[in-house]
Amino acid sequence: MSASTLFIGGTWTGASDGGTRDIHCPADGELVGTVAEGTADDAARAVLAARAAFDAGEWSGKSPLERGSFLLKVADRLRDRKNDFARAETLDTGKRLVESEIDIDDIANCFEYFGKLAGQESGRLVDAGSPMVVSRIEYEPVGVCSLIAPWNYPLLQAAWKIAPALAAGCSFVLKPSELTPHTSILMMDVLQELGLPDGVANLVLGDGKTVGAVLSSHPDVDLVSFTGGLETGKVIAASAAASVKKVALELGGKNPNIVFADADFDAALDNALNAAFVHSGQVCSAGARLIVEESIAEKFVDELVRRAGQIRLGGPFDPDAETGPLISAAHRDKVTAYVDKGVAEGARLRCGGAWGTGDLEKGFYYLPTVLDQVTSGMSVLVDEAFGPVVTVETFTSEAEAVKLGNDTHYGLAGAVWSQDAGKSQRVARALRHGTIWINDFHPYLPQAEWGGFGQSGVGRELGPTGLAEYQEAKHVYQNIDPQVTGWFADHAAATAEGN
Ligand SMILES: NC(=O)c1ccc[n+]([C@@H]2O[C@H](COP(=O)([O-])OP(=O)(O)OC[C@H]3O[C@@H](n4cnc5c(N)ncnc54)[C@H](O)[C@@H]3O)[C@@H](O)[C@H]2O)c1
Ligand SMILES: C[N+](C)(C)CC=O
(Lines give C-alpha, C1' and ligand atoms only; values in the text may rest on other atoms or scores of the structure.)
(Ligands and ions follow the chains in the order given, each with its own letter.)
Protein backbone atom coordinates (compact mmCIF):
# COMPACT_ATOMS: atom_id res chain seq x y z
CA MET A 1 0.00 0.00 0.00
CA SER A 2 1.43 3.36 -1.00
CA ALA A 3 1.86 6.29 1.40
CA SER A 4 -1.33 8.40 1.43
CA THR A 5 0.28 11.73 0.68
CA LEU A 6 -1.68 12.86 -2.36
CA PHE A 7 -4.60 15.15 -1.51
CA ILE A 8 -7.34 14.94 -4.13
CA GLY A 9 -10.90 16.21 -3.74
CA GLY A 10 -10.49 16.50 0.04
CA THR A 11 -9.20 12.92 0.49
CA TRP A 12 -5.70 11.69 1.32
CA THR A 13 -4.73 8.90 -1.03
CA GLY A 14 -1.82 6.89 -2.40
CA ALA A 15 -0.68 6.84 -6.02
CA SER A 16 -3.03 5.01 -8.41
CA ASP A 17 -0.27 2.50 -9.22
CA GLY A 18 0.97 2.25 -5.63
CA GLY A 19 4.25 3.99 -6.48
CA THR A 20 6.33 5.68 -3.81
CA ARG A 21 9.46 7.79 -3.56
CA ASP A 22 11.97 7.94 -0.73
CA ILE A 23 13.10 11.43 0.24
CA HIS A 24 16.64 11.75 1.60
CA CYS A 25 18.16 14.76 3.31
CA PRO A 26 20.86 16.20 1.01
CA ALA A 27 22.97 17.13 4.03
CA ASP A 28 23.66 13.56 5.13
CA GLY A 29 21.64 11.14 2.99
CA GLU A 30 19.34 10.16 5.90
CA LEU A 31 15.85 8.97 4.93
CA VAL A 32 13.35 11.74 5.66
CA GLY A 33 10.22 9.91 4.57
CA THR A 34 8.45 7.92 1.88
CA VAL A 35 5.74 9.64 -0.13
CA ALA A 36 3.36 8.68 -2.91
CA GLU A 37 4.72 9.14 -6.43
CA GLY A 38 1.67 10.37 -8.34
CA THR A 39 0.81 9.20 -11.85
CA ALA A 40 -0.62 11.00 -14.85
CA ASP A 41 -4.03 9.56 -13.84
CA ASP A 42 -3.69 11.04 -10.36
CA ALA A 43 -2.89 14.43 -11.88
CA ALA A 44 -5.93 14.25 -14.17
CA ARG A 45 -8.15 13.22 -11.26
CA ALA A 46 -6.91 16.18 -9.23
CA VAL A 47 -7.64 18.58 -12.09
CA LEU A 48 -11.19 17.24 -12.33
CA ALA A 49 -11.64 17.60 -8.56
CA ALA A 50 -10.43 21.21 -8.77
CA ARG A 51 -12.78 21.84 -11.71
CA ALA A 52 -15.77 20.38 -9.87
CA ALA A 53 -15.01 22.45 -6.77
CA PHE A 54 -14.63 25.61 -8.82
CA ASP A 55 -17.88 25.04 -10.69
CA ALA A 56 -19.76 24.20 -7.47
CA GLY A 57 -18.91 27.72 -6.29
CA GLU A 58 -18.57 26.99 -2.59
CA TRP A 59 -15.21 28.80 -2.55
CA SER A 60 -15.22 30.75 -5.81
CA GLY A 61 -18.63 32.19 -4.89
CA LYS A 62 -17.60 33.42 -1.46
CA SER A 63 -17.08 37.13 -0.98
CA PRO A 64 -13.48 38.34 -1.20
CA LEU A 65 -13.73 39.40 2.45
CA GLU A 66 -14.64 35.86 3.54
CA ARG A 67 -11.79 34.43 1.50
CA GLY A 68 -9.45 37.03 2.98
CA SER A 69 -10.38 36.13 6.53
CA PHE A 70 -9.65 32.45 5.76
CA LEU A 71 -6.16 33.40 4.55
CA LEU A 72 -5.55 35.32 7.78
CA LYS A 73 -6.37 32.12 9.70
CA VAL A 74 -3.89 30.23 7.55
CA ALA A 75 -1.22 32.82 8.45
CA ASP A 76 -1.95 32.32 12.16
CA ARG A 77 -1.84 28.54 11.86
CA LEU A 78 1.50 28.68 10.04
CA ARG A 79 2.89 30.77 12.86
CA ASP A 80 1.55 28.26 15.43
CA ARG A 81 3.11 25.36 13.55
CA LYS A 82 6.29 27.16 12.50
CA ASN A 83 8.56 24.55 14.09
CA ASP A 84 6.95 21.61 12.23
CA PHE A 85 7.10 23.43 8.93
CA ALA A 86 10.66 24.72 9.36
CA ARG A 87 11.95 21.30 10.36
CA ALA A 88 10.27 19.62 7.39
CA GLU A 89 11.64 22.21 4.97
CA THR A 90 15.12 21.84 6.38
CA LEU A 91 15.14 18.05 6.19
CA ASP A 92 14.01 18.06 2.55
CA THR A 93 16.35 20.83 1.35
CA GLY A 94 19.30 20.56 3.74
CA LYS A 95 19.16 24.30 4.34
CA ARG A 96 19.96 25.63 7.81
CA LEU A 97 17.04 25.53 10.25
CA VAL A 98 17.29 29.27 10.81
CA GLU A 99 16.81 29.85 7.07
CA SER A 100 13.72 27.64 7.03
CA GLU A 101 12.35 29.54 10.02
CA ILE A 102 12.78 32.80 8.11
CA ASP A 103 11.02 31.19 5.12
CA ILE A 104 8.02 30.15 7.27
CA ASP A 105 7.75 33.70 8.67
CA ASP A 106 7.81 35.02 5.08
CA ILE A 107 5.15 32.50 4.07
CA ALA A 108 2.85 33.51 6.94
CA ASN A 109 3.37 37.17 5.97
CA CYS A 110 2.46 36.33 2.38
CA PHE A 111 -0.87 34.76 3.45
CA GLU A 112 -1.53 37.75 5.70
CA TYR A 113 -0.81 40.20 2.89
CA PHE A 114 -3.13 38.50 0.39
CA GLY A 115 -5.73 37.97 3.14
CA LYS A 116 -5.88 41.72 3.67
CA LEU A 117 -5.69 42.54 -0.03
CA ALA A 118 -8.57 40.18 -0.87
CA GLY A 119 -10.96 42.17 1.29
CA GLN A 120 -10.02 45.40 -0.49
CA GLU A 121 -10.96 44.16 -3.96
CA SER A 122 -14.41 45.32 -5.07
CA GLY A 123 -14.02 46.05 -8.79
CA ARG A 124 -14.48 49.56 -10.14
CA LEU A 125 -16.99 51.79 -11.86
CA VAL A 126 -16.20 53.12 -15.30
CA ASP A 127 -17.57 56.35 -16.76
CA ALA A 128 -19.32 55.18 -19.95
CA GLY A 129 -20.14 58.73 -21.01
CA SER A 130 -23.91 58.49 -20.31
CA PRO A 131 -25.89 58.86 -17.09
CA MET A 132 -28.15 56.07 -18.37
CA VAL A 133 -25.35 53.49 -18.31
CA VAL A 134 -23.84 51.73 -15.31
CA SER A 135 -20.53 50.30 -16.41
CA ARG A 136 -18.36 48.39 -14.01
CA ILE A 137 -15.34 46.11 -13.96
CA GLU A 138 -15.58 42.99 -11.84
CA TYR A 139 -12.64 40.78 -10.93
CA GLU A 140 -13.48 37.11 -11.11
CA PRO A 141 -11.31 34.08 -10.39
CA VAL A 142 -9.47 32.68 -13.40
CA GLY A 143 -10.66 29.16 -12.53
CA VAL A 144 -8.55 26.02 -12.12
CA CYS A 145 -4.84 26.67 -11.63
CA SER A 146 -1.87 24.34 -11.86
CA LEU A 147 0.84 25.47 -9.48
CA ILE A 148 4.26 23.96 -10.18
CA ALA A 149 7.07 24.76 -7.75
CA PRO A 150 10.86 24.19 -7.44
CA TRP A 151 12.96 22.68 -4.64
CA ASN A 152 15.06 25.61 -3.44
CA TYR A 153 12.33 27.46 -1.51
CA PRO A 154 9.67 24.74 -1.72
CA LEU A 155 6.79 26.13 0.32
CA LEU A 156 7.70 29.81 -0.12
CA GLN A 157 7.46 29.56 -3.91
CA ALA A 158 4.25 27.54 -3.60
CA ALA A 159 2.78 30.07 -1.14
CA TRP A 160 3.39 32.94 -3.57
CA LYS A 161 0.91 31.06 -5.79
CA ILE A 162 -1.48 29.43 -3.29
CA ALA A 163 -2.26 32.62 -1.34
CA PRO A 164 -3.27 34.82 -4.31
CA ALA A 165 -5.03 31.89 -6.04
CA LEU A 166 -7.21 31.34 -2.95
CA ALA A 167 -7.69 35.09 -2.42
CA ALA A 168 -8.99 35.38 -5.99
CA GLY A 169 -11.40 32.41 -5.56
CA CYS A 170 -9.56 29.89 -7.74
CA SER A 171 -9.15 26.20 -7.06
CA PHE A 172 -5.79 24.58 -7.70
CA VAL A 173 -3.58 21.53 -8.04
CA LEU A 174 -0.15 21.97 -6.49
CA LYS A 175 2.87 20.00 -7.67
CA PRO A 176 5.96 20.69 -5.59
CA SER A 177 9.36 19.46 -6.70
CA GLU A 178 9.59 15.70 -6.42
CA LEU A 179 12.64 16.28 -4.16
CA THR A 180 10.91 18.44 -1.53
CA PRO A 181 7.29 17.38 -0.88
CA HIS A 182 6.91 17.52 2.89
CA THR A 183 5.94 21.14 3.56
CA SER A 184 3.34 20.96 0.77
CA ILE A 185 1.79 17.97 2.55
CA LEU A 186 1.71 19.96 5.80
CA MET A 187 0.15 22.90 3.95
CA MET A 188 -2.75 20.76 2.70
CA ASP A 189 -3.22 19.53 6.25
CA VAL A 190 -3.63 23.13 7.43
CA LEU A 191 -6.05 24.05 4.64
CA GLN A 192 -8.16 20.96 5.36
CA GLU A 193 -8.10 21.54 9.11
CA LEU A 194 -9.29 25.14 8.63
CA GLY A 195 -12.23 23.96 6.53
CA LEU A 196 -11.37 24.82 2.94
CA PRO A 197 -14.08 23.12 0.83
CA ASP A 198 -13.07 19.77 -0.66
CA GLY A 199 -11.43 19.97 -4.08
CA VAL A 200 -10.36 23.62 -3.84
CA ALA A 201 -6.81 22.64 -2.88
CA ASN A 202 -5.28 19.48 -4.34
CA LEU A 203 -1.78 18.07 -4.07
CA VAL A 204 -0.15 15.68 -6.49
CA LEU A 205 3.43 14.64 -5.84
CA GLY A 206 5.58 13.27 -8.59
CA ASP A 207 7.96 14.21 -11.33
CA GLY A 208 7.66 16.86 -14.00
CA LYS A 209 7.49 14.66 -17.06
CA THR A 210 4.42 12.72 -15.84
CA VAL A 211 2.48 14.80 -13.29
CA GLY A 212 3.75 18.22 -14.41
CA ALA A 213 3.06 17.51 -18.07
CA VAL A 214 -0.62 16.71 -17.34
CA LEU A 215 -0.98 19.82 -15.19
CA SER A 216 0.35 22.07 -17.95
CA SER A 217 -1.72 20.54 -20.77
CA HIS A 218 -5.04 19.36 -19.30
CA PRO A 219 -7.98 21.12 -21.00
CA ASP A 220 -9.71 21.78 -17.66
CA VAL A 221 -6.80 23.89 -16.42
CA ASP A 222 -7.21 27.64 -16.98
CA LEU A 223 -3.85 28.89 -15.73
CA VAL A 224 -0.43 27.39 -15.16
CA SER A 225 1.84 29.18 -12.73
CA PHE A 226 5.36 27.78 -12.80
CA THR A 227 8.55 28.56 -10.92
CA GLY A 228 11.66 26.75 -12.03
CA GLY A 229 14.31 26.60 -14.71
CA LEU A 230 14.24 28.34 -18.10
CA GLU A 231 14.24 25.16 -20.18
CA THR A 232 11.33 23.66 -18.20
CA GLY A 233 9.49 26.98 -18.50
CA LYS A 234 9.73 26.80 -22.29
CA VAL A 235 8.32 23.26 -22.31
CA ILE A 236 5.44 24.28 -20.03
CA ALA A 237 4.62 27.39 -22.06
CA ALA A 238 4.53 25.33 -25.26
CA SER A 239 2.36 22.66 -23.64
CA ALA A 240 -0.07 25.26 -22.24
CA ALA A 241 -0.31 27.03 -25.60
CA ALA A 242 -2.31 24.21 -27.20
CA SER A 243 -5.38 25.17 -25.14
CA VAL A 244 -4.40 28.86 -24.75
CA LYS A 245 -4.01 28.73 -20.99
CA LYS A 246 -2.83 31.73 -19.10
CA VAL A 247 0.79 31.19 -18.16
CA ALA A 248 2.86 32.78 -15.41
CA LEU A 249 6.56 31.92 -15.41
CA GLU A 250 9.16 32.66 -12.74
CA LEU A 251 12.43 31.44 -14.19
CA GLY A 252 16.13 31.75 -13.55
CA GLY A 253 18.47 34.70 -13.32
CA LYS A 254 22.05 35.75 -13.96
CA ASN A 255 22.05 38.61 -11.56
CA PRO A 256 24.60 41.45 -11.56
CA ASN A 257 25.90 42.83 -8.28
CA ILE A 258 27.50 46.16 -9.29
CA VAL A 259 29.96 47.69 -6.83
CA PHE A 260 31.21 51.25 -7.45
CA ALA A 261 34.44 52.51 -5.89
CA ASP A 262 32.47 54.96 -3.72
CA ALA A 263 30.42 52.17 -2.06
CA ASP A 264 30.68 51.42 1.65
CA PHE A 265 33.43 48.82 1.17
CA ASP A 266 32.68 46.63 4.19
CA ALA A 267 28.92 46.55 3.64
CA ALA A 268 29.37 45.85 -0.07
CA LEU A 269 31.82 43.04 0.65
CA ASP A 270 29.68 41.43 3.33
CA ASN A 271 26.63 41.59 1.06
CA ALA A 272 28.57 40.26 -1.94
CA LEU A 273 29.21 37.13 0.16
CA ASN A 274 25.50 36.90 1.08
CA ALA A 275 24.46 37.57 -2.50
CA ALA A 276 26.51 34.69 -3.88
CA PHE A 277 26.66 32.11 -1.10
CA VAL A 278 23.43 32.17 0.95
CA HIS A 279 21.75 28.74 0.58
CA SER A 280 24.90 27.77 -1.34
CA GLY A 281 23.85 29.99 -4.22
CA GLN A 282 20.67 27.99 -4.89
CA VAL A 283 18.69 31.21 -5.16
CA CYS A 284 17.13 32.49 -8.38
CA SER A 285 18.24 36.02 -7.53
CA ALA A 286 21.75 35.10 -6.32
CA GLY A 287 24.35 37.77 -7.00
CA ALA A 288 26.34 35.39 -9.17
CA ARG A 289 27.98 38.14 -11.24
CA LEU A 290 30.12 40.53 -9.25
CA ILE A 291 30.79 43.61 -11.41
CA VAL A 292 33.26 45.81 -9.55
CA GLU A 293 34.88 49.13 -10.42
CA GLU A 294 38.43 48.54 -11.55
CA SER A 295 40.08 50.96 -9.09
CA ILE A 296 38.98 48.82 -6.09
CA ALA A 297 38.70 45.44 -7.83
CA GLU A 298 41.96 43.90 -6.68
CA LYS A 299 41.43 44.73 -3.00
CA PHE A 300 37.72 43.84 -3.12
CA VAL A 301 38.21 40.49 -4.83
CA ASP A 302 41.18 39.52 -2.64
CA GLU A 303 38.98 40.11 0.41
CA LEU A 304 36.05 38.26 -1.17
CA VAL A 305 38.26 35.25 -1.85
CA ARG A 306 39.70 35.36 1.69
CA ARG A 307 36.23 35.51 3.25
CA ALA A 308 34.69 32.91 0.89
CA GLY A 309 37.44 30.49 1.91
CA GLN A 310 36.36 30.84 5.56
CA ILE A 311 32.67 30.04 5.06
CA ARG A 312 31.66 27.10 7.25
CA LEU A 313 29.67 24.41 5.54
CA GLY A 314 27.58 21.98 7.52
CA GLY A 315 24.30 20.25 8.20
CA PRO A 316 21.04 22.05 8.96
CA PHE A 317 21.27 21.57 12.72
CA ASP A 318 25.01 22.34 13.06
CA PRO A 319 25.11 25.62 15.01
CA ASP A 320 28.46 26.55 13.42
CA ALA A 321 27.38 26.02 9.82
CA GLU A 322 26.89 29.14 7.72
CA THR A 323 25.56 27.39 4.64
CA GLY A 324 24.54 23.90 3.61
CA PRO A 325 24.65 21.35 0.81
CA LEU A 326 23.41 21.35 -2.75
CA ILE A 327 20.09 19.59 -3.26
CA SER A 328 21.31 16.38 -4.91
CA ALA A 329 24.26 14.50 -6.35
CA ALA A 330 22.97 15.29 -9.85
CA HIS A 331 22.86 19.00 -9.09
CA ARG A 332 26.36 18.94 -7.61
CA ASP A 333 27.58 17.24 -10.79
CA LYS A 334 25.96 20.06 -12.78
CA VAL A 335 27.68 22.76 -10.71
CA THR A 336 30.98 20.87 -10.98
CA ALA A 337 30.68 20.68 -14.77
CA TYR A 338 29.77 24.39 -14.93
CA VAL A 339 32.90 25.43 -13.02
CA ASP A 340 35.16 22.99 -14.88
CA LYS A 341 33.91 24.30 -18.22
CA GLY A 342 34.52 27.90 -17.11
CA VAL A 343 38.08 27.06 -16.14
CA ALA A 344 38.61 25.22 -19.44
CA GLU A 345 37.39 28.33 -21.26
CA GLY A 346 40.00 30.46 -19.45
CA ALA A 347 38.42 31.65 -16.19
CA ARG A 348 40.78 31.72 -13.20
CA LEU A 349 39.74 29.70 -10.15
CA ARG A 350 40.48 31.89 -7.12
CA CYS A 351 38.95 29.57 -4.49
CA GLY A 352 36.64 26.57 -4.15
CA GLY A 353 35.96 24.53 -7.25
CA ALA A 354 35.81 21.31 -5.20
CA TRP A 355 33.47 19.13 -3.15
CA GLY A 356 33.38 19.19 0.65
CA THR A 357 35.60 16.63 2.33
CA GLY A 358 35.68 14.73 5.66
CA ASP A 359 32.27 14.80 7.39
CA LEU A 360 30.86 16.73 4.47
CA GLU A 361 31.26 13.69 2.22
CA LYS A 362 27.95 12.38 3.60
CA GLY A 363 26.14 15.17 1.78
CA PHE A 364 26.33 17.08 -1.50
CA TYR A 365 28.59 19.93 -0.48
CA TYR A 366 30.41 22.21 -2.91
CA LEU A 367 32.88 24.82 -1.69
CA PRO A 368 32.22 28.55 -2.20
CA THR A 369 33.89 29.37 -5.48
CA VAL A 370 35.19 32.60 -7.04
CA LEU A 371 36.13 32.81 -10.72
CA ASP A 372 37.83 35.88 -12.16
CA GLN A 373 39.37 36.74 -15.53
CA VAL A 374 36.02 35.98 -17.16
CA THR A 375 35.03 37.61 -20.43
CA SER A 376 31.77 38.21 -22.26
CA GLY A 377 30.39 35.10 -23.97
CA MET A 378 32.03 32.56 -21.62
CA SER A 379 29.54 29.93 -20.49
CA VAL A 380 29.99 30.90 -16.82
CA LEU A 381 28.68 34.37 -17.69
CA VAL A 382 25.78 33.10 -19.79
CA ASP A 383 24.42 30.12 -17.84
CA GLU A 384 22.90 30.04 -14.39
CA ALA A 385 25.17 28.14 -11.96
CA PHE A 386 22.55 27.78 -9.24
CA GLY A 387 25.37 26.91 -6.88
CA PRO A 388 27.95 28.71 -4.71
CA VAL A 389 29.83 30.28 -7.59
CA VAL A 390 30.50 33.96 -8.30
CA THR A 391 32.24 35.38 -11.35
CA VAL A 392 34.11 38.71 -11.34
CA GLU A 393 34.04 41.37 -14.06
CA THR A 394 35.39 44.92 -13.85
CA PHE A 395 34.38 48.29 -15.28
CA THR A 396 35.77 51.80 -15.52
CA SER A 397 32.63 53.90 -16.18
CA GLU A 398 28.97 54.05 -15.18
CA ALA A 399 27.93 53.31 -18.77
CA GLU A 400 30.13 50.22 -18.86
CA ALA A 401 28.70 48.99 -15.55
CA VAL A 402 25.17 49.25 -16.98
CA LYS A 403 26.19 47.56 -20.22
CA LEU A 404 27.69 44.62 -18.34
CA GLY A 405 24.71 44.44 -15.96
CA ASN A 406 22.35 44.12 -18.91
CA ASP A 407 24.55 41.66 -20.81
CA THR A 408 22.31 38.63 -20.18
CA HIS A 409 19.20 37.05 -21.67
CA TYR A 410 17.83 36.86 -18.13
CA GLY A 411 16.50 39.86 -16.21
CA LEU A 412 15.49 38.84 -12.71
CA ALA A 413 17.37 40.95 -10.17
CA GLY A 414 20.46 43.03 -9.57
CA ALA A 415 22.09 45.39 -7.10
CA VAL A 416 23.98 48.68 -7.17
CA TRP A 417 26.43 49.67 -4.45
CA SER A 418 27.34 53.36 -4.25
CA GLN A 419 27.07 56.23 -1.79
CA ASP A 420 26.12 58.57 -4.65
CA ALA A 421 22.30 58.52 -4.58
CA GLY A 422 21.93 60.08 -8.03
CA LYS A 423 24.26 57.58 -9.67
CA SER A 424 22.55 54.66 -7.91
CA GLN A 425 19.15 55.79 -9.15
CA ARG A 426 20.41 56.32 -12.72
CA VAL A 427 21.95 52.86 -12.82
CA ALA A 428 18.88 51.24 -11.20
CA ARG A 429 16.71 52.82 -13.88
CA ALA A 430 18.96 51.67 -16.71
CA LEU A 431 19.17 48.03 -15.56
CA ARG A 432 16.66 45.70 -17.26
CA HIS A 433 15.83 43.46 -14.30
CA GLY A 434 12.62 42.94 -12.30
CA THR A 435 14.10 43.87 -8.92
CA ILE A 436 16.96 46.28 -8.22
CA TRP A 437 18.44 46.66 -4.76
CA ILE A 438 20.46 49.75 -3.94
CA ASN A 439 22.98 49.18 -1.15
CA ASP A 440 21.36 45.89 -0.20
CA PHE A 441 20.88 42.39 -1.59
CA HIS A 442 18.10 39.81 -1.41
CA PRO A 443 15.14 41.45 0.41
CA TYR A 444 11.70 40.71 -1.04
CA LEU A 445 8.38 41.87 0.33
CA PRO A 446 4.89 40.40 -0.11
CA GLN A 447 3.61 43.85 -1.08
CA ALA A 448 6.25 44.34 -3.82
CA GLU A 449 5.94 42.66 -7.22
CA TRP A 450 8.51 39.97 -8.01
CA GLY A 451 9.34 38.68 -11.46
CA GLY A 452 11.60 38.91 -14.44
CA PHE A 453 12.35 40.93 -17.53
CA GLY A 454 13.58 39.06 -20.60
CA GLN A 455 13.83 35.29 -20.26
CA SER A 456 13.49 35.41 -16.48
CA GLY A 457 9.78 35.04 -16.89
CA VAL A 458 6.30 36.19 -17.71
CA GLY A 459 4.05 38.00 -15.23
CA ARG A 460 4.60 38.93 -11.61
CA GLU A 461 4.11 37.33 -8.22
CA LEU A 462 3.35 39.23 -5.00
CA GLY A 463 1.90 42.72 -4.74
CA PRO A 464 -1.44 43.67 -6.32
CA THR A 465 -0.21 42.35 -9.70
CA GLY A 466 0.39 38.97 -8.06
CA LEU A 467 -3.33 38.82 -7.20
CA ALA A 468 -4.37 40.08 -10.64
CA GLU A 469 -2.59 37.07 -12.23
CA TYR A 470 -5.37 34.89 -10.77
CA GLN A 471 -8.24 37.15 -11.84
CA GLU A 472 -10.18 37.81 -14.99
CA ALA A 473 -11.46 41.35 -15.45
CA LYS A 474 -15.06 41.34 -16.63
CA HIS A 475 -16.78 44.46 -17.96
CA VAL A 476 -20.49 44.57 -17.11
CA TYR A 477 -22.26 47.33 -19.09
CA GLN A 478 -25.86 48.00 -18.08
CA ASN A 479 -28.09 50.32 -20.08
CA ILE A 480 -30.82 51.44 -17.68
CA ASP A 481 -32.79 53.29 -20.35
CA PRO A 482 -32.75 51.11 -23.49
CA GLN A 483 -33.79 52.82 -26.74
CA VAL A 484 -34.43 51.65 -30.30
CA THR A 485 -31.24 52.45 -32.19
CA GLY A 486 -32.70 52.29 -35.72
CA TRP A 487 -29.37 51.08 -37.08
CA PHE A 488 -31.12 48.44 -39.15
CA ALA A 489 -34.39 49.69 -40.58
CA ASP A 490 -37.49 47.46 -40.64
CA HIS A 491 -37.79 47.63 -44.44
CA ALA A 492 -40.81 45.31 -44.64
CA ALA A 493 -42.76 47.46 -42.17
CA ALA A 494 -41.76 50.64 -44.02
CA THR A 495 -42.89 49.13 -47.32
CA ALA A 496 -46.23 48.03 -45.81
CA GLU A 497 -46.75 51.52 -44.42
CA GLY A 498 -45.96 52.98 -47.87
CA ASN A 499 -48.68 50.81 -49.44
N1 LIG B 1 12.14 33.46 -10.59
C2 LIG B 1 11.95 32.95 -9.39
O3 LIG B 1 11.31 33.56 -8.54
C4 LIG B 1 12.54 31.61 -9.04
C5 LIG B 1 12.43 31.15 -7.73
C6 LIG B 1 12.98 29.92 -7.40
C7 LIG B 1 13.63 29.16 -8.36
N8 LIG B 1 13.71 29.64 -9.62
C9 LIG B 1 14.44 28.86 -10.63
O10 LIG B 1 14.18 27.47 -10.48
C11 LIG B 1 15.27 26.71 -10.98
C12 LIG B 1 15.64 25.62 -10.00
O13 LIG B 1 14.54 24.86 -9.68
P14 LIG B 1 14.31 23.37 -10.24
O15 LIG B 1 15.62 22.71 -10.50
O16 LIG B 1 13.33 22.71 -9.35
O17 LIG B 1 13.63 23.69 -11.63
P18 LIG B 1 12.99 22.67 -12.66
O19 LIG B 1 12.59 23.50 -13.83
O20 LIG B 1 13.85 21.49 -12.89
O21 LIG B 1 11.70 22.11 -11.89
C22 LIG B 1 10.71 22.96 -11.36
C23 LIG B 1 9.40 22.20 -11.25
O24 LIG B 1 8.97 21.87 -12.57
C25 LIG B 1 8.66 20.48 -12.63
N26 LIG B 1 8.87 20.03 -14.01
C27 LIG B 1 10.00 19.55 -14.57
N28 LIG B 1 9.76 19.22 -15.86
C29 LIG B 1 8.47 19.51 -16.12
C30 LIG B 1 7.63 19.40 -17.27
N31 LIG B 1 8.08 18.91 -18.42
N32 LIG B 1 6.34 19.80 -17.16
C33 LIG B 1 5.86 20.31 -16.02
N34 LIG B 1 6.60 20.42 -14.87
C35 LIG B 1 7.90 20.03 -14.94
C36 LIG B 1 9.59 19.86 -11.60
O37 LIG B 1 9.15 18.59 -11.23
C38 LIG B 1 9.50 20.90 -10.48
O39 LIG B 1 8.33 20.71 -9.74
C40 LIG B 1 16.40 27.70 -11.17
O41 LIG B 1 16.56 27.97 -12.53
C42 LIG B 1 15.91 28.93 -10.42
O43 LIG B 1 16.46 30.14 -10.88
C44 LIG B 1 13.18 30.83 -9.99
C1 LIG C 1 12.33 34.30 -4.92
N2 LIG C 1 13.31 33.87 -3.89
C3 LIG C 1 14.34 34.90 -3.78
C4 LIG C 1 12.61 33.74 -2.61
C5 LIG C 1 13.84 32.58 -4.15
C6 LIG C 1 14.53 32.42 -5.41
O7 LIG C 1 15.10 31.37 -5.66
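Residues numbered from 1 in each chain as written. Chains lettered and ligands numbered in written order. Predicted model: local features only at pLDDT ≥ 70, side-chain atom pairs only at ≥ 80, totals over all residues.

Taken together, 32 residues lie around ligand 1, and Pro150, Gly208, Gly212, Gly228 and Thr232 are the ones closest in. For the shell around ligand 1, the elements supplying multiple residues, two or more each, are helix 7 (208–217) and helix 8 (230–241). Considering every element that reaches the shell around ligand 1, the biggest residue donor is helix 7, with five residues. Here the residues of the shell around ligand 1 are counted per class, giving twelve nonpolar, 14 polar and six charged. Both domains that furnish three or more residues to the shell around ligand 1 are identified here as domain 1 (6–251 + 456–478) and domain 2 (256–438). (Near = placed C-beta within 6 Å. Helix = DSSP H or I, 4+ residues; strand = E, 2+ residues; numbered from the N terminus. Nonpolar A, V, L, I, M, F, W, Y, C, P; charged D, E, K, R; others polar. Domains from an automatic or database assignment.)

A word on the UniProt feature "active site" (unreviewed entry) in the protein chain. What UniProt calls "active site" (unreviewed entry) maps, in this numbering, to Glu250. The class for glutamate 250 is buried, based on 27 C-beta atoms found within 10 Å. (UniProt positions renumbered as here; feature names shortened; annotations may be inferred. Buried ≥ 20, exposed ≤ 12 C-beta atoms within 10 Å, placed from the backbone.)

Right, let's talk about the environment of arginine 67 for a bit. The topology assignment puts arginine 67 in helix 2 (residues 64–80). On the basis of neighbour count, arginine 67 is assigned to the buried category, with 22 C-beta atoms found within 10 Å. Considering only alpha carbons, one finds arginine 67 and glycine 169, 102 residues apart in sequence, at a separation of 7.4 Å. Leaving out residues up to four positions away in the same chain, arginine 67 has contacts with Lys62, Ala118, Leu166, Ala167 and Gly169. (Contact = placed C-beta atoms within 7 Å.)

Moving on: the environment of valine 221. Tracing the backbone through its elements, the reader meets valine 221 in the loop between helix 7 and strand 10 (223–227). The class of valine 221 is buried, set by 25 C-beta atoms lying within 10 Å. Taking the C-alpha atoms as reference, valine 221 lies 46 Å from leucine 269; in sequence the two are 48 residues apart. Setting aside residues up to four positions removed in sequence, valine 221 forms contacts with Val47, Val144, Ser146, Leu215 and Lys245.

Counting 85 residues, the largest nonpolar core has Leu71, Phe111, Phe114, Ala159 and Phe172 as the members making the most contacts within it. The leading source of residues in this core is helix 5 (residues 154–168), at eleven residues. Leave out the neighbours within four places in its chain, and phenylalanine 172 touches Ala50, Cys145, Leu147, Ile162, Ala165, Ala201 and Asn202. Among the nonpolar cores identified, the runner-up in size contains 58 residues, and Ala275, Val283, Ile327 and Phe386 belong to it. (Core = buried A, V, L, I, M, F, W, Y, C linked by C-beta atoms within 7 Å.)

A word on the site of ligand 2. Looking at ligand 2, the residues that line it are Asn152, Tyr153, Leu156, Val283, Cys284, Ser285 and Tyr444. Partitioned by chemical class, the residues of the shell around ligand 2 number five nonpolar, two polar and no charged. When we break the shell around ligand 2 down by domain, the ones giving at least three residues each are domain 1 (6–251 + 456–478) and domain 2 (256–438).

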